[in-house]
Amino acid sequence: MEVFTSIKGLRSFLDQQLSEQKTIGLIPTMGALHEGHISLVDASIKDNDVTVASIFVNPTQFNNPEDLLKYPRTLEADCAMLEQAGCTAVFAPSVEEMYPEKSSLIINFGTLESVMEGASRPGHFNGVGIVVSKLFHIVSPHRAYFGQKDLQQVSIIKRLVSDLAFNLELIVCPTIRETDGLAMSSRNRRLNDAERNIAPHIYRILEEAKQSLLAGKGITETVSAASDEFNAIPEFKLDYFEVADVKTLQPIPSLGAAGTNAICVAAFLGPVRLIDNVVF
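These figures come from a predicted structure and were not determined experimentally.

**Q** Help me out: how do you make sense of the overall build of the protein chain in this one?
**A** Along the protein chain, the regular secondary structure elements total 11 helices and nine strands. At 19 Å, the protein chain has a C-alpha radius of gyration in line with the 19 Å of a compact globule built from 280 residues. In terms of overall dimensions, the protein chain has C-alpha extents of about 55 × 40 × 40 Å along its principal axes. Nonlocal contacts in the protein chain, meaning residues at least 24 apart in sequence, comprise 74% of its contacts between residues at least 6 apart. Accessible area of the protein chain: about 13,100 Å², with a carbon and sulfur share of 52%. The protein chain carries 24 positive and 34 negative side-chain charges, and their two centres are separated by 3 Å.

Written out as structure tokens, the structure reads:
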């Protein structure tokens, strides 16, 4: 497995692959990898001749400096995981390599970023849009792979690909969960043992809400009941619990057709902010 820290070095390698008519898959990550990331690598290996994983903790998408500082950085272990999985190349640039000058570009995603994560983390999706655009230009992948756990991010990147006419296929892969239902996330590493034992309640409450809605209960009533459940567990501080259209992410007054509904949640567990969703 090749490891590149410079754009020039990676591009030279990929130009050679493209000259041999090889297809390229990209998995953008911020490192601290887990089996959810590896499932994206597996999907790319199945679809493409060359699989590139980027590892870059992108400062422009953090609106909380402390969160950026505490984000886990485990490059050596990440590379070992990727090599074992069969990844072709890793791109692990420095901040200076990705941002030789401070970016002044602003990408506005309209109503997609005015709710949920966008409302709670102003500027977050601008940072995501900039770094993903850079990676798409640097790697020129045929396909790019993202996980459904970051549902709003997926919607943002779909808009990015469409509006900027990136010549690639976006592949969305299912959320990978621990055996107790907790969505795999790099942030889980920051939970202490007691918090880790409480964390699976997020998925339990999501599933209960889904079943409640499918049984005919109203959205307002269901959201209120779920919020009460979170508030009953003192370690949680609920940020939002929303029932939305899976494409627009706007709140819905009643359920739509199967597959168009999403329940999205963000909650602090101690100092760690966790997100999850179910689509049905």
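**Q** Before we go on, may I ask you to explain helix 4 (residues 75-85) in this structure?
**A** Counting along an α-helix, one turn takes 3.6 residues, and residues three or four places apart therefore face a common direction. Every buried residue of helix 4 is listed here: Asp78, Cys79 and Leu82. Seen end-on, helix 4 carries its buried residues on one side only, within an arc spanning 95°. Relative to its buried face, helix 4 has exposed residues pointing more than 90 degrees away, namely Glu76 and Gln84. Contacts from the buried residues of helix 4 go to strand 1 (2-4), helix 2 (35-47), strand 3 (50-55) and strand 4 (89-91). Immediately downstream of helix 4, the backbone of Gly86 shows phi near 100°, a positive value.

**Q** How do you make sense of the pattern of salt bridges when you look at a structure like this?
**A** Counted under the stated rule, the structure contains 15 salt bridges. Notably, a salt bridge pairs Asp67 with Arg187, separated by 2.9 Å at the nearest N-O pair. Here the residue Asp67 occupies a position in helix 3 (residues 65-70), and Arg187 occupies one in the loop between strand 6 (169-173) and helix 9 (193-198), the gap between them amounting to 120 residues. The partner of Arg190 in a salt bridge is Asp67, and the shortest N-O contact between them spans 3.2 Å. Of the two residues, Arg190 sits in the loop between strand 6 and helix 9 while Asp67 sits in helix 3, which places them 123 residues apart along the sequence. Judged by its relative accessible area of 22%, Arg190 is partly exposed. Taken together, the salt bridges that share partners define one network made up of Glu117, Arg121, Asp239 and Arg273.

**Q** What should I look at first to understand helix 8 (residues 151-163) in this one?
**A** Taking 1.5 Å per residue, 13 residues should reach 18 Å; helix 8 reaches 18 Å between its end C-alpha atoms and fits that length. Leu151, Gln152, Gln153, Val154, Ser155, Ile156, Ile157, Leu160 and Val161 are the residues of helix 8 that are buried. Positive backbone phi, approximately 55°, marks Ala165, located one or two places after helix 8.

**Q** Help me out: how do you make sense of the sheet that holds strand 6 in this one?
**A** Adjacent strands of a sheet pair through backbone hydrogen bonds, lying either parallel or antiparallel. If you trace the six strands from one edge of the open sheet to the other, you get 1-4-3-2-5-6, paired in parallel fashion. Across the chains shown, the open sheet's two edge strands, defined by having one partner strand only, are strand 1 and strand 6. If you compare each strand with its neighbour and ignore which way they point, the axes differ by 25° on average. Both strand 1 and strand 4 contribute to a ladder of three bridges, which runs parallel. Bridge pairing in strand 4 links Val3 to Val90.

**Q** What should I look at first to understand the packing of aromatic side chains in this one?
**A** The geometry of an aromatic ring pair is captured by the separation of the ring centres together with the interplanar angle, meaning the angle of the planes. This model, assessed by the stated rule, comprises six aromatic pairs. Ring geometry for Phe4 against Phe13: centres 5.3 Å apart, planes inclined by 40°, an arrangement best described as tilted. Both residues of the pair, Phe4 and Phe13, belong to the buried class. Plain terms: the ring middles of Phe136 and Phe166 are 5.2 Å apart, the flat faces sit at 75° to each other, and that makes the pair edge-to-face. Note that Phe136 is positioned in helix 7 (residues 124-139) and Phe166 in the loop between helix 8 and strand 6, a separation of 30 residues in sequence. With a relative accessible area of 11%, Phe166 lands in the buried category. Linked through ring pairs, Phe230, Phe236 and Phe241 together constitute an aromatic cluster.

Calculation rules
- Residues numbered from 1 in each chain as written.
- Predicted model: local features only at pLDDT ≥ 70, side-chain atom pairs only at ≥ 80, totals over all residues.
- Heavy atoms only, no water.
- Helix = DSSP H or I, 4+ residues; strand = E, 2+ residues; numbered from the N terminus.
- Rg over C-alpha atoms; globule rule 2.2 N^0.38 Å.
- Contact = heavy atoms within 4.5 Å.
- Areas by Shrake-Rupley, 256 points an atom, 1.4 Å probe, with all protein chains shown as cover.
- Lys, Arg positive; Asp, Glu negative; His and termini not counted.
- Charge placed at Lys NZ, Arg CZ, Asp CG, Glu CD.
- Buried < 20%, exposed > 50% of the residue type's maximum accessible area, 1.4 Å probe, protein only.
- Arc of directions from axis to C-beta.
- Salt bridge = Lys/Arg side-chain N within 4 Å of Asp/Glu carboxyl O.
- Expected span 1.5 Å × (residues − 1).
- Pairing = 2+ DSSP bridges.
- Axes fitted to C-alpha atoms, helices over the stretch in contact; angles between N-to-C directions.
- Phe/Tyr/Trp six-rings, centres within 6.5 Å; stacked < 30°, edge-to-face > 60°.

So yeah, pure geometry; function would need other evidence.
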